[in-house]
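Observations on the model geometry
The residues making up each chain are set out below.
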Amino acid sequence: AGWSGGAWGVGLDRIRMGSAPLRAGATAGRVLSAPDEVAGTTVLHAFGLPDLGQGTLAAPRLSIAACGTGAGWRRAALALSLDGGARWEPAGVTAAPAIAGTVEDPGGAADPTVIDRRNAIIVELAHAGMRLADADQPGLDSGMNLALIGDELIQFGEAEALGGTRWRLTQLWRGRRGTEAAAGQAMPGDRFVLIDSLSLSMHDGFAAIGAAVAVLATAPA
């Protein structure tokens, strides 16, 4: 706090700040490793989508969604072929794991211009760790819970877990985004993909609309 000096030396004015810290023991700790979850089999879906707000496309666009049948699946390397598999070109990696599966019961046909309160669609997801959620009307208006069943885009307001990997979807909007012609055409076993920009990888630049594109996904075993 201060000092003084003289022929005898220098004196320091000191103020106690607090008691000395107590000695404490310590351990080396332990490793919290990530769970070793099974990746399962890779599930791959490739499809074309109508305009989802990205603007007018200059060329056809291929959308790819992928996941695994186990919760440990993360990503897969992609390759594309435009000549029936004779030559493959690397196409990066998949996006985040998609929520996908198959249609168990597609319900029946319905008018795309009004909400479908009569039918229910039952889907089976790829593994039990996948979850679906409800959406209120403002959420549906903003595009929530958009999904592809077969070639039809739908939206669902309610998702009920039936146990295991099965879900029941109700409060349906059918034939969304110009897919009215496909409304009610899905069959048992057709694809179910929840459309989420984070889980879709987009590939542009194909030569012509209607060109056949083969897609290969390689994931760690």
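Heads up: the structure comes first, above all this text.
Let me begin by describing the structure that accompanies this report. (Residues numbered from 1 in each chain as written. Predicted model: local features only at pLDDT ≥ 70, side-chain atom pairs only at ≥ 80, totals over all residues. Heavy atoms only, no water.)

Let's shift gears to the side chain of His-203. Examined against the element boundaries, His-203 turns out to sit in strand S13 (residues 201–203). His-203 gets classed as buried once you look at its relative accessible area, which sits at 12%. In contact with His-203, other than residues within four places in its own chain, are Pro-60, Arg-61, Leu-62, Ile-64, Leu-78, Leu-80 and Ala-91. (Helix = DSSP H or I, 4+ residues; strand = E, 2+ residues; numbered from the N terminus. Buried < 20%, exposed > 50% of the residue type's maximum accessible area, 1.4 Å probe, protein only. Contact = heavy atoms within 4.5 Å.)

Where burial is concerned, the two faces of strand S9 (residues 146–149) agree: the one with Leu-146 and Leu-148 and the one with Ala-147 and Ile-149 are both buried. Inspection of the sheet shows S9 paired to strand S10 (residues 152–163) by 4 bridges, in the antiparallel sense. Each bridged residue has a counterpart across the sheet, and for Leu-146 the counterpart in S10 is Gln-155. (Pairing = 2+ DSSP bridges.)

A separate point is the pattern of salt bridges. Taken as a whole and assessed by the stated rule, the structure comprises 5 salt bridges. In this structure, Glu-104 engages Arg-166 in a salt bridge whose closest nitrogen and oxygen atoms are separated by 2.9 Å. Taken together, the residues span a long stretch of sequence, with Glu-104 in strand S7 (residues 100–105) and Arg-166 in strand S11 (residues 166–173) at a distance of 62 residues. Judged by relative accessible area, Glu-104 falls into the partly exposed class, the value being 34%. On the basis of relative accessibility, which here comes to 28%, the residue Arg-166 falls in the partly exposed class. (Salt bridge = Lys/Arg side-chain N within 4 Å of Asp/Glu carboxyl O.)

With 29 residues, the main nonpolar core has Phe-47, Val-123, Leu-132, Phe-156, Leu-169, Phe-192 and Ile-195 as its most contacted residues. Within the residue set of this core, elements represented by two or more residues are strand S4 (62–68), S7, strand S8 (121–125), S9, S10, S11 and strand S12 (191–194). Not counting residues up to four positions away in its chain, the partners in contact with Leu-132 are Ile-99, Val-123, Leu-125, Phe-156, Ala-159, Trp-167, Leu-169, Phe-192 and Leu-194. (Core = buried A, V, L, I, M, F, W, Y, C linked by side-chain atoms within 4.5 Å.)

Strand order in the open sheet formed by 3 strands is S6-S5-S14, and the pairing between neighbours is antiparallel. On the outer flanks of this sheet lie strand S6 (89–93) and strand S14 (214–218), each paired with one strand and no other. The sheet shows a mean angle of 30° between the axes of neighbouring strands, taken without regard to direction. Pairing of strand S5 (residues 77–81) with S14 involves 5 bridges; the strand directions are antiparallel. The residue bridging Ser-81 from the neighbouring strand is Ala-214, located in S14. (Axes fitted to C-alpha atoms, helices over the stretch in contact; angles between N-to-C directions.)

On the basis of which strands lie adjacent, the open sheet formed by 3 strands has the order S3-S4-S13 and antiparallel pairing. Either end of the sheet is taken by a strand with one partner, and the two such strands are strand S3 (42–47) and S13. Averaged over all adjacent pairs, the angle separating strand axes in this sheet is 25°, with direction ignored. Taken together, the 6 bridges between S3 and S4 define a ladder with antiparallel strand orientation. Pairing of Ala-46 across the sheet is with Ile-64, part of S4.

All right, on to the pairing of S11 then. As paired strands, S8 and S11 are joined by 4 bridges and run antiparallel to one another. By the bridge assignment, Val-123 is partnered in S11 with Trp-167. Pairing of S10 with S11, which is carried by 7 bridges, proceeds in the antiparallel orientation. Bridge pairing links Glu-158 to Thr-170 in S11. Hairpin connection between S10 and S11: a loop of 2 residues separates the two successive antiparallel strands, and Gly-164 in this loop has a positive phi of roughly 65°.

In this section: the environment of Gly-11. Relative to the helices and strands, Gly-11 resides in strand S2 (residues 9–13). Given a relative accessible area of 15%, Gly-11 falls into the buried group. Sequence separation of Gly-11 and Ile-115 is 104 residues, and the distance between their C-alpha atoms is 89 Å. If we ignore the near neighbours within four places in the chain, the residues touching Gly-11 are Gly-2, Trp-3 and Ser-4.

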